[in-house]
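Take a look at the letters that make up each chain.
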Amino acid sequence: MVRTRFAPSPTGFMHIGNLRTALYAYLFAKKNKGSFVLRIEDTDQERLIDNAVETIYNTLRLAGLEHDEGPDVGGVYGPYIQSERKPIYAKYAQELIEKGDAYYCFCTKERLDTLVDSTGNRRYDKHCLHLSKEEIAEKLSSGIPYVIRQNAPTEGVSTFHDLVFGDISVENKELQDNVLIKSDGYPTYNFANVVDDHLMAISHVIRGMEYLSSTPNYNLLYEALGWEIPQYVHLPHIMRDKQHKLSKRSGDANFEDFLDKGFLPAAILNYVALLGWSPKNDVEKFTLDELINLFDISGISKSSAIFDEVKLRWLNSLYIKELTLEAFHEKASPYYASLSTPVDTVFLSKLLQPRVSALSDIPSVIQFLDDFDGYELDLFDSTNAKTTKEMARSFLPAVIAEAEKITDWDNDVLFAAFDHITQEHNLKKKQSLWTIRIALAGYVTTPGGATELCVLLGKEASLQRLTSSYNRLEQLNQ
(Lines give C-alpha, C1' and ligand atoms only; values in the text may rest on other atoms or scores of the structure.)
Protein backbone atom coordinates (compact mmCIF):
# COMPACT_ATOMS: atom_id res chain seq x y z
CA MET A 1 0.00 0.00 0.00
CA VAL A 2 1.25 3.48 -0.86
CA ARG A 3 1.89 5.57 2.23
CA THR A 4 3.44 9.04 2.02
CA ARG A 5 4.18 11.56 4.70
CA PHE A 6 4.61 15.28 5.16
CA ALA A 7 6.96 15.99 8.04
CA PRO A 8 7.40 19.74 8.62
CA SER A 9 9.30 21.39 11.44
CA PRO A 10 7.22 23.86 13.50
CA THR A 11 9.73 26.66 13.02
CA GLY A 12 7.64 29.29 11.26
CA PHE A 13 5.21 29.78 8.43
CA MET A 14 4.63 27.27 5.65
CA HIS A 15 7.22 27.96 2.98
CA ILE A 16 6.21 27.44 -0.67
CA GLY A 17 8.71 24.58 -1.00
CA ASN A 18 7.19 22.83 2.01
CA LEU A 19 3.72 23.29 0.60
CA ARG A 20 4.79 21.72 -2.71
CA THR A 21 6.26 18.73 -0.87
CA ALA A 22 3.00 18.29 1.04
CA LEU A 23 0.98 18.64 -2.16
CA TYR A 24 2.97 16.09 -4.16
CA ALA A 25 2.93 13.62 -1.26
CA TYR A 26 -0.83 14.10 -0.96
CA LEU A 27 -1.46 13.77 -4.71
CA PHE A 28 0.67 10.64 -5.04
CA ALA A 29 -1.04 8.97 -2.09
CA LYS A 30 -4.54 9.80 -3.29
CA LYS A 31 -3.79 8.86 -6.90
CA ASN A 32 -2.71 5.42 -5.65
CA LYS A 33 -5.55 4.99 -3.12
CA GLY A 34 -3.03 5.24 -0.30
CA SER A 35 -2.62 7.23 2.92
CA PHE A 36 -1.16 10.68 3.51
CA VAL A 37 0.43 11.06 6.94
CA LEU A 38 1.27 14.26 8.83
CA ARG A 39 4.20 14.03 11.24
CA ILE A 40 5.57 16.94 13.27
CA GLU A 41 9.37 17.03 13.42
CA ASP A 42 10.13 19.07 16.52
CA THR A 43 13.48 17.60 17.49
CA ASP A 44 15.28 20.92 16.99
CA GLN A 45 13.92 22.34 20.22
CA GLU A 46 15.89 25.59 20.00
CA ARG A 47 14.17 26.65 16.75
CA LEU A 48 10.57 25.92 17.73
CA ILE A 49 8.12 28.80 17.37
CA ASP A 50 4.89 29.19 19.33
CA ASN A 51 1.72 28.38 17.36
CA ALA A 52 3.73 27.03 14.42
CA VAL A 53 2.00 23.65 14.68
CA GLU A 54 -1.38 25.39 14.42
CA THR A 55 -0.05 27.20 11.35
CA ILE A 56 0.75 23.82 9.77
CA TYR A 57 -2.75 22.52 10.50
CA ASN A 58 -4.35 25.71 9.22
CA THR A 59 -2.30 25.76 6.01
CA LEU A 60 -3.16 22.16 5.14
CA ARG A 61 -6.82 22.83 5.90
CA LEU A 62 -6.97 25.96 3.73
CA ALA A 63 -5.13 24.16 0.93
CA GLY A 64 -7.56 21.24 1.11
CA LEU A 65 -4.83 18.69 1.88
CA GLU A 66 -6.60 16.50 4.41
CA HIS A 67 -4.26 14.06 6.13
CA ASP A 68 -5.36 10.53 7.01
CA GLU A 69 -3.15 10.24 10.10
CA GLY A 70 -1.48 12.81 12.30
CA PRO A 71 -1.23 14.34 15.76
CA ASP A 72 -4.68 15.92 15.55
CA VAL A 73 -6.55 12.99 13.96
CA GLY A 74 -4.66 10.05 15.40
CA GLY A 75 -3.78 6.76 13.73
CA VAL A 76 -2.33 3.34 14.45
CA TYR A 77 1.31 4.46 14.09
CA GLY A 78 1.32 7.29 16.61
CA PRO A 79 2.47 9.31 18.35
CA TYR A 80 3.01 11.57 15.35
CA ILE A 81 5.07 14.21 17.16
CA GLN A 82 8.74 13.31 17.32
CA SER A 83 9.39 14.81 20.74
CA GLU A 84 6.92 12.26 22.10
CA ARG A 85 8.94 9.40 20.58
CA LYS A 86 12.34 9.93 22.29
CA PRO A 87 12.53 6.44 23.89
CA ILE A 88 11.98 4.84 20.49
CA TYR A 89 14.99 6.60 18.97
CA ALA A 90 17.17 5.80 21.98
CA LYS A 91 16.32 2.11 21.62
CA TYR A 92 17.41 1.93 17.98
CA ALA A 93 20.50 4.04 18.58
CA GLN A 94 21.62 1.53 21.19
CA GLU A 95 20.99 -1.31 18.74
CA LEU A 96 23.22 0.44 16.19
CA ILE A 97 25.97 0.88 18.79
CA GLU A 98 25.83 -2.82 19.65
CA LYS A 99 26.16 -3.69 15.95
CA GLY A 100 29.11 -1.33 15.46
CA ASP A 101 27.14 0.94 13.11
CA ALA A 102 27.13 3.82 15.60
CA TYR A 103 29.30 4.97 18.50
CA TYR A 104 29.48 7.41 21.41
CA CYS A 105 31.29 10.67 20.72
CA PHE A 106 32.50 12.79 23.65
CA CYS A 107 34.39 15.43 21.65
CA THR A 108 34.01 19.01 22.80
CA LYS A 109 32.84 21.83 20.60
CA GLU A 110 36.36 23.29 20.73
CA ARG A 111 37.83 20.11 19.27
CA LEU A 112 35.12 19.80 16.65
CA ASP A 113 35.82 23.35 15.51
CA THR A 114 39.35 22.31 14.57
CA LEU A 115 38.19 19.47 12.31
CA VAL A 116 38.03 21.22 8.95
CA ASP A 117 38.96 19.47 5.70
CA SER A 118 40.77 20.93 2.69
CA THR A 119 37.51 22.33 1.27
CA GLY A 120 36.73 24.25 4.45
CA ASN A 121 33.98 21.87 5.58
CA ARG A 122 33.85 20.35 9.03
CA ARG A 123 34.47 16.59 8.88
CA TYR A 124 34.61 14.34 11.93
CA ASP A 125 37.71 12.15 12.11
CA LYS A 126 36.20 9.10 13.90
CA HIS A 127 38.32 9.88 16.96
CA CYS A 128 35.83 8.46 19.47
CA LEU A 129 35.19 5.34 17.39
CA HIS A 130 38.50 4.04 18.67
CA LEU A 131 37.75 4.47 22.38
CA SER A 132 37.86 1.24 24.39
CA LYS A 133 34.78 -0.10 26.17
CA GLU A 134 36.41 0.84 29.45
CA GLU A 135 37.06 4.42 28.33
CA ILE A 136 33.48 4.76 27.14
CA ALA A 137 32.08 3.35 30.38
CA GLU A 138 34.23 5.71 32.44
CA LYS A 139 33.13 8.77 30.49
CA LEU A 140 29.48 7.76 30.70
CA SER A 141 29.67 7.18 34.45
CA SER A 142 31.42 10.54 34.86
CA GLY A 143 28.50 12.30 33.17
CA ILE A 144 30.57 13.68 30.30
CA PRO A 145 28.24 15.01 27.59
CA TYR A 146 28.09 12.91 24.44
CA VAL A 147 26.34 12.43 21.14
CA ILE A 148 25.80 9.20 19.23
CA ARG A 149 27.30 9.17 15.74
CA GLN A 150 26.72 6.96 12.74
CA ASN A 151 29.74 4.86 11.76
CA ALA A 152 29.78 5.47 8.00
CA PRO A 153 32.13 3.40 5.78
CA THR A 154 35.14 5.13 4.24
CA GLU A 155 35.62 2.84 1.24
CA GLY A 156 33.48 1.75 -1.66
CA VAL A 157 30.47 3.33 -3.31
CA SER A 158 26.83 3.58 -2.24
CA THR A 159 24.17 3.58 -4.96
CA PHE A 160 20.44 4.08 -4.70
CA HIS A 161 17.56 4.68 -7.12
CA ASP A 162 15.44 7.80 -7.16
CA LEU A 163 12.17 7.84 -9.11
CA VAL A 164 12.99 11.29 -10.54
CA PHE A 165 16.78 11.36 -10.86
CA GLY A 166 17.42 7.67 -11.52
CA ASP A 167 20.46 5.89 -10.07
CA ILE A 168 22.63 8.03 -7.81
CA SER A 169 26.08 6.93 -6.66
CA VAL A 170 28.14 8.50 -3.89
CA GLU A 171 31.64 7.50 -2.86
CA ASN A 172 31.57 6.41 0.76
CA LYS A 173 34.62 8.50 1.57
CA GLU A 174 32.34 11.51 1.06
CA LEU A 175 29.89 10.37 3.75
CA GLN A 176 29.91 11.96 7.18
CA ASP A 177 29.59 10.28 10.54
CA ASN A 178 26.34 12.09 11.18
CA VAL A 179 25.08 12.69 14.67
CA LEU A 180 22.09 10.45 15.37
CA ILE A 181 21.32 11.43 18.98
CA LYS A 182 22.23 14.91 20.20
CA SER A 183 23.61 15.74 23.62
CA ASP A 184 20.13 16.76 24.80
CA GLY A 185 18.84 13.26 24.06
CA TYR A 186 16.79 14.29 21.04
CA PRO A 187 17.39 12.61 17.70
CA THR A 188 18.61 14.55 14.71
CA TYR A 189 16.36 15.06 11.73
CA ASN A 190 18.36 12.45 9.80
CA PHE A 191 17.94 9.66 12.32
CA ALA A 192 14.37 10.36 13.41
CA ASN A 193 13.18 10.31 9.80
CA VAL A 194 14.64 6.88 9.13
CA VAL A 195 13.15 5.39 12.29
CA ASP A 196 9.75 7.00 11.85
CA ASP A 197 9.46 6.31 8.13
CA HIS A 198 10.07 2.63 8.83
CA LEU A 199 7.81 2.33 11.88
CA MET A 200 5.03 4.27 10.14
CA ALA A 201 5.31 2.04 7.05
CA ILE A 202 6.06 4.92 4.69
CA SER A 203 6.45 3.45 1.20
CA HIS A 204 7.54 6.59 -0.69
CA VAL A 205 9.67 9.38 0.76
CA ILE A 206 9.00 12.61 -1.14
CA ARG A 207 11.32 15.51 -0.28
CA GLY A 208 13.58 18.21 -1.71
CA MET A 209 16.65 17.31 -3.76
CA GLU A 210 18.92 18.87 -1.13
CA TYR A 211 18.64 15.47 0.61
CA LEU A 212 20.00 13.50 -2.35
CA SER A 213 23.57 13.53 -1.04
CA SER A 214 22.45 12.44 2.44
CA THR A 215 20.35 9.51 1.26
CA PRO A 216 23.23 6.97 1.32
CA ASN A 217 23.61 7.69 5.04
CA TYR A 218 19.92 6.98 5.53
CA ASN A 219 20.14 3.75 3.55
CA LEU A 220 23.06 2.54 5.66
CA LEU A 221 20.86 2.92 8.73
CA TYR A 222 18.03 0.99 7.10
CA GLU A 223 20.42 -1.80 6.18
CA ALA A 224 22.07 -1.90 9.61
CA LEU A 225 18.67 -2.27 11.27
CA GLY A 226 17.51 -4.85 8.75
CA TRP A 227 14.71 -2.66 7.39
CA GLU A 228 13.35 -2.31 3.87
CA ILE A 229 14.43 0.91 2.15
CA PRO A 230 11.52 3.06 0.92
CA GLN A 231 11.28 4.42 -2.61
CA TYR A 232 12.62 7.95 -3.01
CA VAL A 233 11.18 10.91 -4.89
CA HIS A 234 13.44 13.95 -4.71
CA LEU A 235 12.03 17.23 -5.97
CA PRO A 236 13.88 19.96 -7.90
CA HIS A 237 14.60 23.28 -6.24
CA ILE A 238 12.17 26.19 -6.44
CA MET A 239 14.20 29.25 -7.34
CA ARG A 240 13.56 32.92 -6.63
CA ASP A 241 15.63 33.63 -9.73
CA LYS A 242 18.30 31.79 -11.72
CA GLN A 243 20.84 32.10 -8.91
CA HIS A 244 18.86 31.95 -5.66
CA LYS A 245 16.61 29.30 -4.15
CA LEU A 246 13.43 30.25 -2.40
CA SER A 247 14.30 30.10 1.27
CA LYS A 248 12.36 30.37 4.50
CA ARG A 249 15.49 31.70 6.22
CA SER A 250 15.92 34.36 3.53
CA GLY A 251 12.41 35.63 4.19
CA ASP A 252 10.92 34.51 0.89
CA ALA A 253 7.17 34.50 0.67
CA ASN A 254 5.22 31.76 2.39
CA PHE A 255 1.67 30.52 2.01
CA GLU A 256 0.20 33.02 4.48
CA ASP A 257 2.02 35.91 2.78
CA PHE A 258 0.23 35.09 -0.45
CA LEU A 259 -3.10 34.81 1.34
CA ASP A 260 -2.47 38.27 2.80
CA LYS A 261 -1.70 39.53 -0.71
CA GLY A 262 -5.16 38.49 -1.77
CA PHE A 263 -4.42 35.22 -3.54
CA LEU A 264 -6.98 32.44 -3.24
CA PRO A 265 -5.81 29.16 -1.63
CA ALA A 266 -6.93 27.08 -4.63
CA ALA A 267 -4.97 29.31 -7.02
CA ILE A 268 -1.83 29.13 -4.88
CA LEU A 269 -2.08 25.35 -4.69
CA ASN A 270 -2.70 25.09 -8.44
CA TYR A 271 0.37 27.21 -9.18
CA VAL A 272 2.57 25.37 -6.68
CA ALA A 273 1.63 22.09 -8.39
CA LEU A 274 3.19 23.41 -11.61
CA LEU A 275 6.52 24.27 -9.95
CA GLY A 276 8.49 21.25 -11.11
CA TRP A 277 5.64 19.11 -12.47
CA SER A 278 3.61 19.26 -15.64
CA PRO A 279 0.76 17.10 -16.94
CA LYS A 280 0.80 15.53 -20.36
CA ASN A 281 -1.40 18.27 -21.82
CA ASP A 282 -1.30 22.04 -22.19
CA VAL A 283 -3.82 22.77 -19.45
CA GLU A 284 -2.61 24.83 -16.47
CA LYS A 285 -5.73 25.30 -14.37
CA PHE A 286 -6.88 22.34 -12.30
CA THR A 287 -9.15 21.50 -9.40
CA LEU A 288 -7.60 19.40 -6.64
CA ASP A 289 -9.51 16.34 -7.87
CA GLU A 290 -8.18 16.93 -11.39
CA LEU A 291 -4.64 17.17 -10.01
CA ILE A 292 -5.10 13.84 -8.23
CA ASN A 293 -6.25 12.17 -11.43
CA LEU A 294 -3.45 13.66 -13.53
CA PHE A 295 -0.52 13.49 -11.13
CA ASP A 296 2.27 11.15 -12.09
CA ILE A 297 5.88 11.10 -10.94
CA SER A 298 7.00 10.87 -14.55
CA GLY A 299 5.83 14.47 -14.93
CA ILE A 300 8.29 15.75 -12.30
CA SER A 301 11.20 17.63 -13.84
CA LYS A 302 14.84 17.28 -12.86
CA SER A 303 15.33 20.99 -13.54
CA SER A 304 14.72 23.75 -11.03
CA ALA A 305 11.53 25.79 -11.27
CA ILE A 306 11.51 29.58 -11.01
CA PHE A 307 8.73 31.09 -8.96
CA ASP A 308 6.92 33.61 -11.17
CA GLU A 309 4.47 35.79 -9.27
CA VAL A 310 3.21 37.27 -12.55
CA LYS A 311 1.99 33.85 -13.62
CA LEU A 312 0.50 33.25 -10.18
CA ARG A 313 -1.43 36.51 -10.52
CA TRP A 314 -2.74 35.43 -13.92
CA LEU A 315 -3.87 32.09 -12.54
CA ASN A 316 -5.40 33.76 -9.50
CA SER A 317 -7.39 36.10 -11.75
CA LEU A 318 -9.01 33.06 -13.36
CA TYR A 319 -10.09 31.76 -9.97
CA ILE A 320 -11.43 35.20 -8.99
CA LYS A 321 -13.51 35.41 -12.17
CA GLU A 322 -15.06 32.02 -11.41
CA LEU A 323 -16.36 33.09 -8.00
CA THR A 324 -20.01 33.94 -7.64
CA LEU A 325 -20.61 37.65 -7.15
CA GLU A 326 -21.70 36.91 -3.57
CA ALA A 327 -18.48 35.00 -2.84
CA PHE A 328 -16.30 37.68 -4.39
CA HIS A 329 -18.14 40.44 -2.53
CA GLU A 330 -17.59 38.61 0.76
CA LYS A 331 -13.85 38.34 0.09
CA ALA A 332 -13.58 41.92 -1.21
CA SER A 333 -15.60 43.60 1.54
CA PRO A 334 -12.73 43.84 4.06
CA TYR A 335 -10.89 46.02 1.52
CA TYR A 336 -13.81 48.48 1.50
CA ALA A 337 -13.71 49.05 5.26
CA SER A 338 -11.74 52.30 5.09
CA LEU A 339 -13.89 53.89 2.36
CA SER A 340 -15.51 57.13 3.45
CA THR A 341 -17.32 57.77 0.16
CA PRO A 342 -20.76 56.10 0.22
CA VAL A 343 -21.17 53.73 -2.72
CA ASP A 344 -23.07 50.55 -3.52
CA THR A 345 -20.36 48.05 -2.59
CA VAL A 346 -22.14 45.14 -4.26
CA PHE A 347 -22.05 47.07 -7.54
CA LEU A 348 -18.43 47.98 -6.81
CA SER A 349 -17.66 44.27 -6.42
CA LYS A 350 -19.36 43.59 -9.73
CA LEU A 351 -17.05 46.12 -11.39
CA LEU A 352 -13.93 44.87 -9.66
CA GLN A 353 -14.30 41.10 -10.06
CA PRO A 354 -13.28 40.86 -13.74
CA ARG A 355 -10.55 43.49 -13.30
CA VAL A 356 -8.40 42.41 -10.35
CA SER A 357 -5.85 39.62 -10.32
CA ALA A 358 -5.40 39.68 -6.52
CA LEU A 359 -7.67 41.01 -3.79
CA SER A 360 -4.84 43.20 -2.54
CA ASP A 361 -5.14 45.20 -5.77
CA ILE A 362 -8.46 46.58 -4.58
CA PRO A 363 -7.25 49.47 -2.34
CA SER A 364 -5.25 51.06 -5.15
CA VAL A 365 -8.03 50.56 -7.70
CA ILE A 366 -10.70 52.18 -5.51
CA GLN A 367 -8.46 54.93 -4.14
CA PHE A 368 -10.12 57.43 -6.51
CA LEU A 369 -13.32 57.23 -4.44
CA ASP A 370 -11.73 59.01 -1.46
CA ASP A 371 -8.86 60.75 -3.26
CA PHE A 372 -10.15 62.93 -6.08
CA ASP A 373 -9.12 66.56 -5.66
CA GLY A 374 -5.71 67.65 -6.89
CA TYR A 375 -5.06 65.02 -9.52
CA GLU A 376 -2.75 65.88 -12.42
CA LEU A 377 -4.72 67.50 -15.25
CA ASP A 378 -2.12 66.14 -17.69
CA LEU A 379 -4.04 62.87 -17.45
CA PHE A 380 -6.43 64.37 -20.02
CA ASP A 381 -3.53 64.39 -22.51
CA SER A 382 -3.51 60.84 -23.82
CA THR A 383 -1.63 59.80 -26.92
CA ASN A 384 -3.40 56.47 -26.95
CA ALA A 385 -6.90 57.95 -26.62
CA LYS A 386 -5.97 60.98 -28.76
CA THR A 387 -7.30 63.43 -26.17
CA THR A 388 -6.07 66.78 -24.81
CA LYS A 389 -6.91 69.17 -21.99
CA GLU A 390 -8.33 71.59 -24.55
CA MET A 391 -10.63 68.92 -25.92
CA ALA A 392 -11.81 68.09 -22.40
CA ARG A 393 -12.45 71.77 -21.57
CA SER A 394 -14.68 72.18 -24.63
CA PHE A 395 -16.47 68.82 -24.22
CA LEU A 396 -17.22 68.61 -20.50
CA PRO A 397 -19.87 71.41 -20.39
CA ALA A 398 -21.98 69.36 -22.81
CA VAL A 399 -21.48 66.24 -20.69
CA ILE A 400 -22.58 68.09 -17.57
CA ALA A 401 -25.62 69.58 -19.30
CA GLU A 402 -26.65 66.19 -20.69
CA ALA A 403 -26.12 64.45 -17.37
CA GLU A 404 -28.25 66.99 -15.50
CA LYS A 405 -31.22 66.12 -17.74
CA ILE A 406 -31.05 62.37 -17.05
CA THR A 407 -33.61 61.14 -14.54
CA ASP A 408 -33.09 57.41 -14.98
CA TRP A 409 -29.47 57.16 -13.80
CA ASP A 410 -28.83 53.83 -15.53
CA ASN A 411 -25.76 52.55 -17.36
CA ASP A 412 -27.55 52.02 -20.67
CA VAL A 413 -29.25 55.41 -20.50
CA LEU A 414 -25.97 57.14 -19.67
CA PHE A 415 -24.15 55.34 -22.49
CA ALA A 416 -26.78 56.40 -25.03
CA ALA A 417 -26.71 60.02 -23.81
CA PHE A 418 -22.90 60.23 -23.89
CA ASP A 419 -22.85 58.57 -27.31
CA HIS A 420 -25.22 61.24 -28.59
CA ILE A 421 -23.07 64.18 -27.48
CA THR A 422 -19.94 62.35 -28.65
CA GLN A 423 -21.30 62.37 -32.18
CA GLU A 424 -22.41 66.00 -31.84
CA HIS A 425 -18.82 67.01 -31.03
CA ASN A 426 -17.35 64.87 -33.81
CA LEU A 427 -15.40 62.78 -31.31
CA LYS A 428 -14.71 59.09 -31.22
CA LYS A 429 -16.11 57.03 -28.32
CA LYS A 430 -12.59 56.35 -27.06
CA GLN A 431 -11.95 60.11 -26.83
CA SER A 432 -15.17 61.01 -25.07
CA LEU A 433 -15.20 58.10 -22.62
CA TRP A 434 -11.53 58.67 -21.67
CA THR A 435 -12.27 62.33 -21.00
CA ILE A 436 -15.36 61.59 -18.89
CA ARG A 437 -13.58 58.83 -16.92
CA ILE A 438 -10.61 61.05 -16.04
CA ALA A 439 -12.97 63.87 -15.07
CA LEU A 440 -14.87 61.48 -12.76
CA ALA A 441 -11.92 59.64 -11.22
CA GLY A 442 -8.67 61.53 -11.70
CA TYR A 443 -6.96 58.14 -12.15
CA VAL A 444 -5.95 56.15 -15.21
CA THR A 445 -6.85 52.80 -13.62
CA THR A 446 -10.46 52.51 -12.46
CA PRO A 447 -12.79 49.59 -11.72
CA GLY A 448 -15.05 50.45 -14.65
CA GLY A 449 -15.67 52.66 -17.63
CA ALA A 450 -17.13 56.18 -17.68
CA THR A 451 -20.79 55.21 -17.44
CA GLU A 452 -20.14 52.52 -14.82
CA LEU A 453 -18.32 55.09 -12.66
CA CYS A 454 -21.32 57.40 -13.00
CA VAL A 455 -23.61 54.65 -11.72
CA LEU A 456 -21.20 53.81 -8.90
CA LEU A 457 -20.85 57.44 -7.74
CA GLY A 458 -24.49 58.36 -8.25
CA LYS A 459 -25.84 61.42 -10.05
CA GLU A 460 -25.04 64.07 -7.45
CA ALA A 461 -21.43 63.00 -6.86
CA SER A 462 -20.86 62.48 -10.59
CA LEU A 463 -22.02 65.99 -11.43
CA GLN A 464 -19.91 67.44 -8.64
CA ARG A 465 -16.79 65.69 -9.97
CA LEU A 466 -17.45 66.58 -13.61
CA THR A 467 -17.99 70.23 -12.64
CA SER A 468 -14.90 70.31 -10.42
CA SER A 469 -12.73 68.88 -13.22
CA TYR A 470 -14.12 71.40 -15.73
CA ASN A 471 -13.52 74.32 -13.36
CA ARG A 472 -9.90 73.26 -12.87
CA LEU A 473 -9.41 73.08 -16.64
CA GLU A 474 -10.95 76.55 -17.00
CA GLN A 475 -8.52 77.96 -14.44
CA LEU A 476 -5.61 76.92 -16.67
CA ASN A 477 -6.70 79.54 -19.23
CA GLN A 478 -7.06 82.39 -16.76
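J.: Tell me about unusual backbone geometry, and please be specific about residues and values.
T.: A cis geometry characterises the amide bond from Gly78 onward to Pro79, with omega recorded as 0°. Mapped onto the elements of the fold, Pro79 is located in the loop between α2 (52-63) and α3 (86-99). Its identity is not glycine, yet Ala201 carries a phi of approximately 55°, on the positive side. Along the chain, the position of Ala201 falls in the loop between α6 (189-199) and β8 (204-208). Of note in this structure, Lys386 is not a glycine but carries a positive phi near 60°. With respect to the element layout, Lys386 can be found in the loop between α14 (362-365) and α15 (389-405).

J.: Tell me about the sheet that holds strand β3 (residues 102-105), and please be specific about residues and values.
T.: Spatially, β3-β4-β7 is the arrangement adopted by the 3 strands of the open sheet, whose pairing is antiparallel. The strands lining the two open edges of the sheet, one partner per strand, are β3 and β7 (179-181). Direction aside, neighbouring strands of the sheet carry axes that sit 40° apart on average.

J.: Before we move on, can you summarise the environment of Ile181 with the specific residues and values?
T.: Structurally, Ile181 can be placed in strand β7. Each C-alpha atom of the pair Ile181 and Pro87 lies 11 Å from the other, and the pair is 94 residues apart in sequence.

J.: Give a description of the pattern of salt bridges that names residues and reports values.
T.: One pass over the full model with this rule turns up 22 salt bridges. As a salt-bridge pair, Arg111 and Asp125 come within 2.6 Å of each other at their nearest N and O atoms. One end of the pair, Arg111, is in helix α4 (residues 109-112); the other, Asp125, is in the loop between α4 and α5 (133-141), with 14 residues separating them in the sequence. The class of Arg111 is partly exposed, set by a relative accessible area of 25%. The partly exposed category is assigned to Asp125, whose relative accessible area is 38%. Glu322 is the salt-bridge partner of Lys285, the closest N and O atoms lying 2.9 Å from each other. Of this pair, Lys285 sits in the loop between α9 (265-273) and α10 (288-294) while Glu322 sits in helix α11 (residues 309-322), and the two are 37 residues apart along the sequence. Taking the relative accessible area as the measure of exposure, Lys285 reaches 24% and is therefore partly exposed. The network of salt bridges with shared partners includes Arg5, Arg39, Glu41, Arg85, Asp196 and Asp197.

J.: Which residues make up the state of the cysteines, and what are the values?
T.: As enumerated under the stated definition, the model contains 0 disulfides in all. The cysteine Cys105 is free of any disulfide, with Cys107 supplying the nearest cysteine sulfur at 3.9 Å. Unpaired in this structure, Cys107 has its nearest cysteine sulfur neighbour in Cys128, at a distance of 3.6 Å.

J.: Summarise the packing of helix α16 (residues 411-424) against helix α17 (residues 429-441); cite the residues concerned and give the values.
T.: Packing of α16 against α17 leaves a shortest axis separation of 10 Å and a crossing angle of 120°. What the angle tells us is that α16 and α17 run oblique. Of the two elements, α16 crosses α17, and the hand of that crossing is right-handed. Along the contact surface, α16 presents Phe415, Phe418, Asp419 and Thr422, while α17 presents Lys429, Ser432, Leu433 and Ile436. Grouping the amino acids of the contact of α16 with α17 by side-chain chemistry returns 4 nonpolar, 2 polar and 2 charged.

J.: Give me the environment of Ala398: which residues, what numbers.
T.: Along the chain, the position of Ala398 falls in helix α15. Contacts of Ala398, omitting those with residues within four sequence positions, involve Ile421 and His425.

J.: Report on the packing of aromatic side chains, specifying residues and quantitative values.
T.: Taken as a whole and judged by the stated rule, the model has 16 aromatic pairs. Relative to Phe307, the ring of Tyr271 has its centre 5.2 Å away and its plane inclined at 90°; by these criteria the two rings are edge-to-face. A residue pair is termed long-range when its members are at least 10 positions apart, and Tyr271 in helix α9 and Phe307 in the loop between β11 (305-306) and α11 qualify at 36 residues. Comparing Tyr271 with Phe307, the two get one shared label, buried. Looking at Lys139, its charged tip hangs above the ring of Phe106, at a distance of 5.9 Å from the centre. One Lys or Arg, Arg472, reaches over the ring of Tyr375 and ends 4.9 Å from the middle of that ring.

Conventions we followed
Within every chain, residues take consecutive numbers counted from 1 along the sequence as written. Totals for whole chains, interfaces and linings use every residue, but because this is a predicted model, local features are given only for residues with pLDDT of at least 70 and side-chain atom pairs only at 80 or more, for both listing and counting. Side-chain numbers come from the whole structure's heavy atoms, not from hydrogens or water. What counts as a helix is a DSSP run of H or I of at least four residues, what counts as a strand is a run of E of at least two, and both are numbered from the N terminus. Pairing between two strands requires that DSSP report at least two bridges joining them. Every axis in this analysis is a line fitted to C-alpha atoms, fitted for helices over the stretch in contact. Angles between the N-to-C directions lie between 0 and 180 degrees. Each reported salt bridge corresponds to a side-chain nitrogen of Lys or Arg within 4 Å of a carboxyl oxygen of Asp or Glu. Accessible area is worked out with a 1.4 Å probe on protein chains only. A residue is then buried under 20% of its type maximum, exposed over 50%, and partly exposed in between. Cysteine sulfur pairs qualify as disulfides if the two atoms are within 2.5 Å. Angles are sorted into four bins: roughly parallel if under 35 degrees, roughly antiparallel if over 145, roughly perpendicular if 65 to 115, and oblique for all others. Take the far helix as your reference; a near helix turned counterclockwise from it by less than a right angle gives a left-handed crossing, and one turned clockwise gives a right-handed crossing. Here, residues are in contact when the closest pair of their heavy atoms is within 4.5 Å. Polar here means any residue outside two lists: the nonpolar Ala, Val, Leu, Ile, Met, Phe, Trp, Tyr, Cys and Pro, and the charged Asp, Glu, Lys and Arg; Gly therefore counts as polar. Two rings from Phe, Tyr or Trp (for Trp, the six-membered ring) form a pair when their centres sit within 6.5 Å of each other. Planes less than 30 degrees apart are called stacked, planes more than 60 degrees apart edge-to-face, and all others tilted. Whether a charge lies above a ring is judged from NZ of Lys or CZ of Arg, which has to be within 6 Å of the ring centre and within 35 degrees of the ring normal.

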